[in-house]
Amino acid sequence: MSDKPITNNEVDDKFQTLLSNAAAARVISQTIEGTIGPRGLDIMMVDRTGDVVISNDGVTILRLMEVNHPVARMIINAARSQQVEVGDGTTTSTIWAGSLVAEGANQVLKGVPVTQVIQGIKTGVEAAVELIEEHSLAIHSMEDKLLFDVACIAGRGEQDLAGLVIQGASLLGKEKLLNPDYRFADAVIAREGVENQVLEGIFINKVPMNKEMPRVMDNCKILLIDDALAPDEVDREARGTEAGFKYYIQNKEKFENKLRAICQMGVNVILTDRSIDDLAEQRLTDAGIVAIQRVPMKEMDKIALYTDARKIKRAGLNRESEVIAGCLGNAQRLEVNDKNGYSQILGGIGEPHATILIGAATEEVVDERERIAFDAASAVQAALKNGVVPGGGAIEIWVANQLEQIARDVKGMAAYGVICVKEALLRPFSCIASNAGFNPLEKLSAITAEQMRQEKDSIAMNCDDGTLCDSVEKGVVDPVLVKIHALKAASEVATAILKINTIVKMKEVNAAGMNAMNILE
């Protein structure tokens, strides 16, 4: 170990660390606060080459931001977790995380032990989650109007996209959407120049290998090859020997026999996730078979489920024809769209599948519309699973008022941590009101009083004129799952940040030093 003394530049005072971390968390939160709510604005992001992305999607902004502070990266990772697990609510999660860190830091600076603040935050979050679940409204059927309301809110008011999402959900059915292994948002695909539509089928972002192959195929018998369609490889050096060349010729003959057998068993569509060699392409073209190569594995898996096919390896083509025939999938029709560069498989006999095709004029608009439809689809699936709660900040205001009473009953200084949760819950509404051009404190007081007077958790603010309204009657609802996961993710990252007592810069270890340490070990 070096004899060089540790300096103040390497080890921060614990309060300086706390303030630094709280400031970093607040900067991340403030960056996206202006995007939340129906009157939220967009953010322009510019890279070093001048390319521009304009969006008000929280996870997109966080993903593209240039961030150096480790605490800021922790909050961004929490938002990514929210996106992966639920698909919506990243902005709310980030705002809550930033507010929890800021409120917690304020309490610590006032003299409250950080362990008590963390304990109080955990108590407050557990109580808040329980209260949110108690006030949830179940979605009883695919025709429930609340489902369309959820899609509209998550889809930023784009009713046409919300309608497409609901249409796709109806095609799939509730049972499919409740499957924990199925991700409805993956059904959303955006392309330039296409018409918005919902397909009962699979979208493949590929076209057949050449123009001579059919562009439409009915009564499809589909062979999925999880491999390349080519003879076994023999390297060039081996082919230079007599034995090697003989082996090469034998492989080629075996491969031609495989192709002949495939054609004879009635296969008319072949999809591979790797390449198809020139010989196979010619044979398949002559036989009138549609062949599409390099299909992404994700799409191959969807096709297998949709057509009731089983993927096979190249070696599997050596099996008896009856065995291979048992692996084939079936669908009513395959259509190729050469203009836009994609193919569609329709009428599969396996599990239902819907594709929500989103179109727009330019690449930038397509990307944004895809993100909007993705959020709407995620929110719809979440709402079906766990129901919805009043939106527009209404449920958070109601829960925050309950937490104030809970804080009075908590023994010791942990009550200050519960207050941190209360203040954090109110932060998104304050941003929504401010973005709509109203005084947040004034509107918050009015809503709180009206909720208490009516004993109703759905009273919120109409962002158009500032009047109070029933958010559920107005169709402003949010999925319970989105709220709960966002709150849990925010509290986890906030408590982890508040636990940081000191930041120490790690020493740099070069390759020689690492080798020396390995020798010592």
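Everything numeric in this text was worked out from a predicted model, so none of it was measured.

**Looking at the side chain of Lys422**
In step 1: Note on placement: Lys422 falls in helix α16 (residues 415-435).
In step 2: Apart from the residues lying within four places of it in its own chain, the contact partners of Lys422 are Ala400, Leu403 and Glu404.

**Notes on a nonpolar patch on the surface**
In step 1: On the surface, Met44, Val46, Val52 and Ile54 cluster together to form a nonpolar patch covering roughly 370 Å² of accessible area.
In step 2: Among the secondary structure elements, those contributing two or more residues to the nonpolar patch are β1 (43-46) and β2 (52-55).
In step 3: Note on placement: Val52 falls in strand β2.

**Some thoughts on the confidence of the model for the protein**
In step 1: Per-residue pLDDT for the protein has a mean of 86; in total, 90% of the residues score no lower than 70.
In step 2: Put simply, helix α19 (residues 511-520) is where the protein has its lowest mean pLDDT, 45, and strand β7 (residues 269-272) is where it has its highest, 96.
In step 3: Per-residue pLDDT stays below 50 along residues 1-12; that stretch engages in 11 contacts with residues further than four places along the chain or on separate chains.
In step 4: Within the model, the stretch residues 514-521 combines pLDDT values under 50 with 2 contacts to residues more than four positions away or in other chains.

**Some thoughts on the nonpolar core**
A general trend in soluble globular proteins is that nonpolar side chains are found buried together.
In step 1: Membership of the largest hydrophobic core comes to 69 residues, with the highest contact counts inside it found for Ile121, Val399, Leu403 and Leu425.
In step 2: Once residues within four sequence positions are removed from consideration, Val399 is found in contact with Ala128, Leu131, Ile132 and Leu425.
In step 3: Formed by 39 residues, the second largest nonpolar core is a distinct cluster that contains Ala162, Val198, Phe374 and Ala383.

**Some details on the sheet that holds strand β4 (residues 197-199)**
In step 1: Strand order in the open sheet formed by 3 strands is β3-β11-β4, with mixed pairing between adjacent strands. Each end of this open sheet is capped by a strand with a single partner; those strands are β3 (188-192) and β4. For this sheet, the mean angle separating the axes of adjacent strands, direction not counted, is 25°.
In step 2: The sheet contact formed by β3 and strand β11 (residues 355-360) spans 5 bridges and is parallel. By the bridge assignment for β11, Ala190 is matched with Ile358.
In step 3: Contacting β4 and β11, helix α7 (residues 159-172) crosses the sheet at an angle of about 10° to β4.

**Observations regarding the pattern of salt bridges**
In step 1: By the definition in use, this model includes 26 salt bridges.
In step 2: Linking Glu450 and Arg453 is a salt bridge whose minimum nitrogen-to-oxygen distance equals 2.6 Å. You can see Glu450 and its partner Arg453 sitting in helix α17 (residues 440-454), 3 residues apart, about one turn around the helix.
In step 3: Overlapping salt bridges, with partners in common, bring together Arg156, Glu368, Arg371 and Asp375 in one network.

**Quick look at the state of the cysteines**
In step 1: Enumeration over the complete set of coordinates arrives at 0 disulfides.
In step 2: Considering cysteine sulfurs only, Cys220 is the nearest to Cys263, which forms no disulfide, with 16 Å between them.
In step 3: Here Cys431 is not disulfide-linked; the sulfur of Cys463 is the nearest cysteine sulfur, at 12 Å.

Calculation rules
- Sequence order sets the numbering: in each chain, residues are counted from 1 along the sequence as written.
- Given that the model is predicted, a residue must reach a pLDDT of at least 70 before its local features are reported, and side-chain atom pairs must reach 80 or more before they are shown or counted; all residues, however, enter totals for whole chains, interfaces and linings.
- Side-chain metrics in this entry use all non-hydrogen atoms of the structure; hydrogen atoms and water are not considered.
- Think of it this way: any DSSP run of H or I at least four residues long counts as a helix, any run of E at least two long counts as a strand, and we number them from the N terminus.
- Whether two residues are in contact is decided by their heavy atoms, any of which lying within 4.5 Å being enough.
- Like charges are joined within 9 Å and nonpolar side chains (Val, Leu, Ile, Met, Phe, Trp, Tyr) within 5 Å, but only among residues with over 30% relative accessible area and no salt bridge; these make up the patches.
- Reported accessibility uses the Shrake-Rupley method at a 1.4 Å probe radius. Residues are deemed covered only where the shown protein chains occlude them.
- Salt bridges are defined as contacts in which a side-chain nitrogen from Lys or Arg sits within 4 Å of a carboxyl oxygen from Asp or Glu.
- Think of pLDDT as the predictor's per-residue confidence, scored from 0 to 100.
- For this analysis, a nonpolar core means a set of buried residues of the types Ala, Val, Leu, Ile, Met, Phe, Trp, Tyr and Cys, connected via side-chain atoms within 4.5 Å.
- Any residue under 20% of the maximum accessible area for its type is buried, any over 50% is exposed, and the rest in between are partly exposed; the area is computed with a 1.4 Å probe on protein chains only.
- By this definition, two strands are paired if DSSP reports at least two bridges between them.
- For helices, the axis comes from a line fit to the C-alpha atoms of the stretch in contact; other axes are also lines fit to C-alpha atoms, and the angle between any two N-to-C directions lies between 0 and 180 degrees.
- Criterion for a disulfide: a pair of cysteine sulfur atoms within 2.5 Å.

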